[in-house]
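Topology and contacts: notes
The residues making up each chain are set out below.
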Amino acid sequence: MSNDSLSTVAVIGGGISGLAAAHRLITAGAGEALTVTLIEEAPRLGGKVITEHNDGFLLEGGPDSFVTGKGSVLELAAELGITDRVISSRAEHRGAYVWSRGRLHPLPDGLLLMAPSRVWPVLRTSVLSVKGRLRVLGDLLLPRGPAGDQSLEQFVARRLGREMLERIAEPLVAGIHSAEPSSMSLAASFPRFLDMERTHRSLILAARAAAAKAAASDSVTGRGFSYFASFKDGMGELSDALAKSLTGVAVKTGRGVTRLTRSNPGAGFRLTLDDGSEVQARGVVLATPARETAALLSDVVPAASSLVAGIKQVATATVTLVYRASDVPGLTGSGFVVPAVERRRIMGASYLSRKWMGRVPEPNFEMVRVFVGGSQGQELAMSGEARLLAVAREELAGILGLTADPVRATTRAWAGGLHQYTLGHVERMSDVESALSGYPALKVAGAGFHGIGLNECVQSGRNAADAVLMALSDRGSLRSPDLLVSGGAN
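These remarks concern the structure in this document. Nothing here was measured: the structure is a model prediction, and the numbers come from that model.

Counting secondary structure elements, the protein chain contains 17 helices and 23 strands. Over its C-alpha atoms the protein chain spans a radius of gyration of 23 Å, differing by no more than 12% from the 23 Å that the globule rule assigns to 490 residues. On the principal axes, the C-alpha backbone points of the protein chain span a range of 70 × 55 × 45 Å. In the protein chain, which comprises 490 residues, the proportion classed as buried is 54%.

Written as structure tokens, this is what we have:
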């Protein structure tokens, strides 16, 4: 065991959750006898939050935005001094479409994801049949449903009808979770809707109240930004700023942890790296994806390992295409989603050049990003660049009539890149925490556990770091020479 591995603090993993944990450790632990080592298996930091710049084109490898109302990303941006880099979506191109029954239809105005805040847009929408529109309004008359977790399918079909589920709710949710409505846990994925029903009885009444509250402020979020926001130079600005903030942190990329075991009594944990070296640890934050987390927990907490291993992961892929603006038929809005019942091969597309300023070098180009994968597109998502590109172009031709050759095309595929929260996920995570309770300085964080969004990933990393700091402080270990914090690619 090398002397340089016996640091006061070390962090393994450089995804957004691991970076947030490391940043929290060096800020919340300031003044303590702490140093931090960051070890990441990939050759770069940031995980799926990656932005490529090429000849003036800005290409996102992962998320292209974050939700401003939840706060964690904006709070972190303020800590990093990059709030002035946050941009709102372009107001002139807001509004999305849904492909249904052979054509694109505008989504009804006033939707809070799947809950209408206004009645008239629902009554006028062409996405739903007359019967489907009237069934949505039945929500105003229905009583509260049963308490406890339920699937997205059960909840939306009961409150708003099956047509609303299939034509609007499922494709909107698929763009976030790529989940099967019949098995997706609402309590884990969208607990807000259960709260809305419990508090207001009706989703429409609850959405109306939420819209009125938002209208009382000067902006959608009350923070001066649109509901979705990004950064001037792409989402990679966030991960880059986090990486640069880790002053004094020893960063080791291209190194993975293959095994986590208990060290001698009172000495914490031992991590074995893929180069055969070992690191002694007092505390560990595992911010790796569920599969890797389960493997690393197997020796120390087998019960937690088996529970985490049950968290489902699916592959996703994107195809980013750049066209000459003159070759693209009139695009409207910010993009479209495709319901699974349409049996097409893509989940939707986003017009990044219309959503955000600065994604193309001049207004003579349009950038379209196509989404592939989820529960129904696993084989296609991992089929390789040539097939992904061919399918994306064929689907855009069928939906938009876009047959021109792109001037630039980029694909990005993530094997197991998206976690799915199936029924019972909340209870599963409670059991994981219970199994880990005997090791207060061992925590899990990341998209596999308490939310897949950027805000949730950032907050989970911060919470895990706080918990480890508290556990070690209570034990007087902060002044010990061998604290380790392990993060991951989330």
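What follows covers the packing of aromatic side chains. Counted according to the given criterion, the structure contains 6 aromatic pairs. Centroid distance Phe190 to Phe193: 6.0 Å. Interplanar angle 70°. Geometry classified as edge-to-face. Aromatic side chains Tyr227 and Phe228 sit 4.9 Å apart centroid to centroid with 90° between the ring planes, which places their arrangement in the edge-to-face category. Residue class for Tyr227 comes out partly exposed when judged on its relative accessible area of 35%. A relative accessible area of 41% means that Phe228 is categorised as partly exposed. The ring of Trp414 carries Lys48 above its face, with NZ or CZ at 5.7 Å from the centroid.

Here the focus is the sheet that holds strand β6 (residues 86-88). Strand-to-strand pairing in sheets goes through backbone hydrogen bonds, with the strands running parallel or antiparallel. Spatially, β5-β11-β6 is the arrangement adopted by the 3 strands of the open sheet, whose pairing is antiparallel. One side of each edge strand has no neighbouring strand; the edge strands of this open sheet are β5 (66-67) and β6. As paired elements, β5 and strand β11 (residues 228-231) share 2 bridges and run antiparallel to each other. In the strand pairing of β11, Phe66 is matched with Ala229.

The subject of this paragraph is the packing of helix α12 (residues 302-309) against helix α16 (residues 425-436). At a closest axis distance of 8 Å, the pairing of α12 and α16 adopts a crossing angle of 160°. It follows from the interaxial angle that α12 and α16 lie roughly antiparallel. The crossing of α12 and α16 is left-handed. Across the interface between the two elements, Ala303, Ala304, Leu307 and Val308 from α12 touch Arg428, Asp431, Val432, Ala435 and Leu436 from α16.

Let's shift gears to helix α10 (residues 236-245). Buried within α10 are the following residues: Gly236, Glu237, Leu238, Ser239, Ala241 and Leu242. Its buried side turned inward, α10 meets α1 (16-28), β3 (51-54), β4 (57-60), α2 (72-80) and β11.

Neither face of strand β19 (residues 348-351) is left uncovered, since the one carrying Gly348 and Ser350 and the one carrying Ala349 and Tyr351 both have all their residues buried. Relative to β19, strand β18 (residues 335-337) runs antiparallel, the two sharing 3 bridges. Bridging from a neighbouring strand, Phe336 pairs with Ala349 of β19. Note that β19 and strand β20 (residues 365-373) share 4 bridges and pair antiparallel. Its bridge partner being in β20, Ser350 is matched across the sheet by Arg369.

One non-glycine residue, Arg101, lies in the positive phi region at around 55°. As for its position among the elements, Arg101 is in the loop between β7 (96-100) and β8 (103-106). Classification of Arg101 as partly exposed rests on a relative accessible area of 48%. Here Arg343, not a glycine, exhibits a phi torsion of approximately 60°, which is positive. Mapped onto the elements, Arg343 comes out in the loop between β18 and β19.

What counts as what
- Residues numbered from 1 in each chain as written.
- Predicted model: local features only at pLDDT ≥ 70, side-chain atom pairs only at ≥ 80, totals over all residues.
- Heavy atoms only, no water.
- Helix = DSSP H or I, 4+ residues; strand = E, 2+ residues; numbered from the N terminus.
- Rg over C-alpha atoms; globule rule 2.2 N^0.38 Å.
- Buried < 20%, exposed > 50% of the residue type's maximum accessible area, 1.4 Å probe, protein only.
- Phe/Tyr/Trp six-rings, centres within 6.5 Å; stacked < 30°, edge-to-face > 60°.
- Lys NZ or Arg CZ within 6 Å of the ring centre and 35° of its normal.
- Pairing = 2+ DSSP bridges.
- Axes fitted to C-alpha atoms, helices over the stretch in contact; angles between N-to-C directions.
- Parallel < 35°, antiparallel > 145°, perpendicular 65-115°, else oblique.
- Left-handed = near helix turned anticlockwise from the far one by under 90°.
- Contact = heavy atoms within 4.5 Å.

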